[in-house]
Amino acid sequence: MGNTKRTLDDLAIFGGVPAFDEKLHVGRPNIGDRRRLLERFEDILDRRWLTNDGPYVQEFEDQVANIVGVRHCVATCNATVGLEIAIRALGLSGEVIVPSMTFIATAHALQWSGITPVFCDIDPETHNMDPAKVESLITPLTTGIVGVHLWGRPCEIDKLQEISTRHNVALVFDAAHAFGCSSGKRMIGNFGDAEVFSFHATKFLNAFEGGAIVTNDDDLAPKLRLMKNFGFSGYDEVSYLGTNGKMNETSAAMGITSLESLEDIVAVNRTNYEQYKESLDRVPGVSILHYADTNRNNYQYVVLEVNETLTGISRDELISILWAENVMARRYFYPGCHRMEPYRSLYPQAGLALRETERLVERVLLLPTGTTITPSDASTISGVIEAAVSRGCGVQQRLAGLATAAAEGSGSGWEA
Ligand code: T4K
């Protein structure tokens, strides 16, 4: 799609032809080998074993454990329930420290379990929880810390581990973004008491819906396994309070099929990321999130920070421009969990201690990547961003004009 934007009129928001005929989404699923998937579906139907620890679930668990190099993997129906199970199996209660800069599921898993999420601010460089701030939030009621490896970039694991050990509180990682990633030589999944992956459709590696709790704790693992199956330890024996957190066979079949394409998907993500980086590094005021070469990365998120002082347009204005071009950029995780219900009503003062989170959620935007996006698409999208930013003031004036016209238009409609 070589749709170059030379003048403001070329931007679709001002009447130009959109850069893409169809919408490009953040989180468009990667579909592996369709034929292999359908063969596996046939198998499932032939075997008439649809769920409840079936052979594909077991194979998926083995493969995930192998890739991560972890002793135990318990597949779940999604990461949210995986987090709830991990939290309960570890006996968390009272208060648990968690970032607000995360998908709402991280906070909800705690609140759903009757635990108070205590929101911690982030380090603006890493976007992850700031360990120094974690320490200051520990109270006699604290029973745990839930770190989130945001965008797949590892938390400051050693520091969080040291705090958790010193205060004798549990450490869990929401690793929803971080399957296939490492912290140095060690794969994510081996840290804290347990880590939880997501294999939701929008994740680079998907099982339609799915998750997995991984741990090296031999005592915790059987508990997790029983809890995801109502606590059943035998046909007529229930040993714990449990839930239905089981992954089903079709999800596992999709998961296994996706795993066969793991390296290919990461390679596509990396190529797209590099194309975005090359094109956007020359655009002042727009910075693309860096992935350290010392870690393994899945490159599933292309994250930009927009500095309005330098670009002349705000992040939200840039999103409107991109949407008009059919580029459905997202502003994850605006406005921060603490400004969503029930937290904004329960903890109306939380934002006072979340300055960096509140700054970041105004600046971040995510661009489409994955196997439905080509480097040429990435280059075209970057071209739109460059065209808008290089004429930032003019764009802002025209957007203000459009807003005024729309307001006047709706005003005259009302009067009529
Ligand atoms: N912790 C963290 C840090 C997480 O990011 C997440 C999930 C979780 C925990 C919980 O994991 P799970 O319980 O879900 O396993 C999406 C996903 O639903 C969510 O899983 C994910 N994080 C989050 C970052 O993104 P939404 O509300 O933005 O989804 P939605 O429906 O707007 O989908 C995004 C775009 O993807 C759509 O605009 C179109 C495209 N899409 C989506 C689906 C489902 C498709 O093209 N096809 C599809 O089938 O949350």
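Residues numbered from 1 in each chain as written. Predicted model: local features only at pLDDT ≥ 70, side-chain atom pairs only at ≥ 80, totals over all residues. Heavy atoms only, no water.

(A) Up close: the sheet that holds strand β16 (residues 364-367). Taken in spatial order, the three strands make up an open sheet running β13-β14-β16, and their pairing is antiparallel. Both outer strands of the open sheet, β13 (286-288) and β16, are each paired with one neighbouring strand and no more. For this sheet, the mean angle separating the axes of adjacent strands, direction not counted, is 30°. (Pairing = 2+ DSSP bridges. Helix = DSSP H or I, 4+ residues; strand = E, 2+ residues; numbered from the N terminus. Axes fitted to C-alpha atoms, helices over the stretch in contact; angles between N-to-C directions.)

(B) Molecular detail of the packing of aromatic side chains. Per the stated rule, a full pass over the model turns up 14 aromatic pairs. Ring geometry for Phe 41 against Phe 208: centres 6.4 Å apart, planes inclined by 35°, an arrangement best described as tilted. Of this pair, Phe 41 sits in helix α1 (residues 34-47) while Phe 208 is found in the loop between β9 (194-198) and β10 (211-215), placing the two residues 167 residues apart along the sequence. We classify Phe 41 as partly exposed; its relative accessible area is 22%. Note on Phe 230 and Phe 232: the rings are 6.2 Å apart at their centroids and 80° apart in plane angle, and the pair reads as edge-to-face. Phe 230 sits in the partly exposed class, given a relative accessible area of 36%. Exposure remark for Phe 232: the relative accessible area of 34% places this residue in the partly exposed category. Taken together, Phe 103, Trp 151, Tyr 301, Tyr 332 and Phe 333 form an aromatic cluster joined through their ring pairs. In this structure, Arg 47 is placed above the aromatic ring of Tyr 56, and the distance from its NZ or CZ to the ring centre is 4.8 Å. Looking at Arg 398, its charged tip hangs above the ring of Phe 14, at a distance of 4.5 Å from the centre. (Phe/Tyr/Trp six-rings, centres within 6.5 Å; stacked < 30°, edge-to-face > 60°. Buried < 20%, exposed > 50% of the residue type's maximum accessible area, 1.4 Å probe, protein only. Lys NZ or Arg CZ within 6 Å of the ring centre and 35° of its normal.)

(C) Examining the environment of Asp 123 more closely. Along the chain, Asp 123 turns up in the loop between β4 (116-120) and α5 (131-137). A relative accessible area of 18% means that Asp 123 is categorised as buried. With residues up to four places along the chain from it excluded, the contact list for Asp 123 reads Asn 128, Met 129, Asp 130 and Glu 156. (Contact = heavy atoms within 4.5 Å.)

(D) Representation of a nonpolar patch on the surface within the structure. On the surface, Phe 230, Phe 232 and Val 238 cluster together into a nonpolar patch covering about 240 Å² of accessible area. By secondary structure assignment, the location of Phe 230 is in the loop between α7 (220-227) and β11 (232-234). (Patch = residues over 30% accessible without salt bridge, like charges linked within 9 Å, V, L, I, M, F, W, Y side chains within 5 Å. Areas by Shrake-Rupley, 256 points an atom, 1.4 Å probe, with all protein chains shown as cover. Salt bridge = Lys/Arg side-chain N within 4 Å of Asp/Glu carboxyl O.)

(E) Just the packing of helix α11 (residues 315-324) against helix α14 (residues 375-390), in detail. Closest axis-to-axis distance for the α11/α14 pair is 10 Å, and the angle between their directions is 130°. In terms of their interaxial angle, α11 and α14 are classed as oblique. Read as a crossing pair, α11 and α14 show a hand that is right-handed. Mapping the contact onto sequence places Leu 318, Ile 321 and Leu 322 in α11 and Ile 381, Val 384, Ile 385 and Ala 388 in α14. When grouped by side-chain class, the residues that make up the contact of α11 with α14 number seven nonpolar, no polar and no charged. (Parallel < 35°, antiparallel > 145°, perpendicular 65-115°, else oblique. Left-handed = near helix turned anticlockwise from the far one by under 90°. Nonpolar A, V, L, I, M, F, W, Y, C, P; charged D, E, K, R; others polar.)

(F) Geometry of the site of the ligand. By nearness alone, 25 residues border the ligand, and Arg 28, Thr 80, Asp 174, His 177 and Tyr 332 come closest of all. In the environment of the ligand, an oxygen atom lies 2.5 Å from a nitrogen or oxygen atom belonging to the side chain of Thr 80. In the model, a nitrogen atom of the ligand is placed 2.6 Å from a nitrogen or oxygen of the Asp 174 side chain. For the ligand, whose free accessible area comes to 920 Å², the fraction covered by protein is 75%. Breaking the shell around the ligand down by element, the ones donating at least two residues are α3 (79-89) and α4 (104-112). (Near = heavy atom within 4 Å. Polar contact = N/O pair within 3.5 Å; in protein donor to acceptor, adjacent residues only side chain to side chain.)

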